[in-house]
Amino acid sequence: MVDMQWDWIGWVVAAIATMFAIRGSIRFDINEWLKDRRRRQEEQLENLCPHISVFKKDGKFVIRSTYISPPGTEAWQCQMCGHVTYDGHAIEQGQRYWAENPDELMKRNKRIKKLARKLGRI
Ligand SMILES: [Zn+2]
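Counting starts from 1 at the beginning of each chain's written sequence and moves along it residue by residue. In keeping with the model being predicted, local features are shown solely for residues with a pLDDT of at least 70 and side-chain atom pairs are shown and tallied solely at 80 or more, while totals for entire chains, interfaces and linings include all residues.

### Topic: the overall build of the protein
By the criteria applied, helices consist of DSSP H or I runs no shorter than four residues and strands consist of E runs no shorter than two, each listed in order from the N terminus. What the protein contains, in helices and strands, is four helices and five strands. Along the chain direction, N to C, the helices and strands of the protein fall in the order α-α-β-β-β-β-β-α-α. Field definition: a residue is buried when 20 or more other C-beta atoms are found within 10 Å of its C-beta, exposed when 12 or fewer are, and partly exposed for counts in between, with C-beta atoms placed from the backbone. Here the protein holds 122 residues, and the buried ones make up 11% of them.

### Quick look at the sheet that holds strand β5 (residues 84-85)
Two orientations exist for strands paired in a sheet by backbone hydrogen bonds: parallel and antiparallel. Strand pairing requires that DSSP identify at least two bridges connecting the strands. Pairing in this open sheet of three strands is antiparallel, and the strands run β3-β4-β5 from one edge to the other. Each edge of the sheet is formed by a strand with only one pairing partner; in this case those strands are β3 (67-68) and β5. Taken together, the two bridges between strand β4 (residues 76-78) and β5 define a ladder with antiparallel strand orientation. Note on β5: the bridge partner recorded for Gln 77 is Val 84.

### Details of the pairing of strand β2 (residues 60-65)
For β2, the buried fraction is low: zero of the six residues fall into the buried class. Relative to β2, strand β1 (residues 52-57) runs antiparallel, the two sharing six bridges. Pairing of Val 54 across the sheet is with Ile 63, part of β2. The turn linking β1 back onto β2 is made up of two residues, and Asp 58 within it adopts a positive phi angle of 50°.

Pasting the structure below:
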């Protein structure tokens, strides 16, 4: 009986020692991790963003580009995701694409709103 008890204590000591060893090796910085996660979410937002907002006007859905051009610049910046472009033609093309695929746009908008809320953009 005495032997078994010592065995048990030995296991506990080994388990605690292992825990300390693991904690030491995967010590991570929570702030660094949060910053990383935020950066990833921002990238995701930019990739998902249709750069289009949808609203209802006279009972019909209307889409509008979320790009605005800050005064004095040639650049266009998306109000939703922060993406910057100098290509007005690409913006128009994007608008045309989403106008032809309203279902996909609605789905995309739902996902993007969730993500934007997480990031505190809306
Ligand atoms: Zn955007």
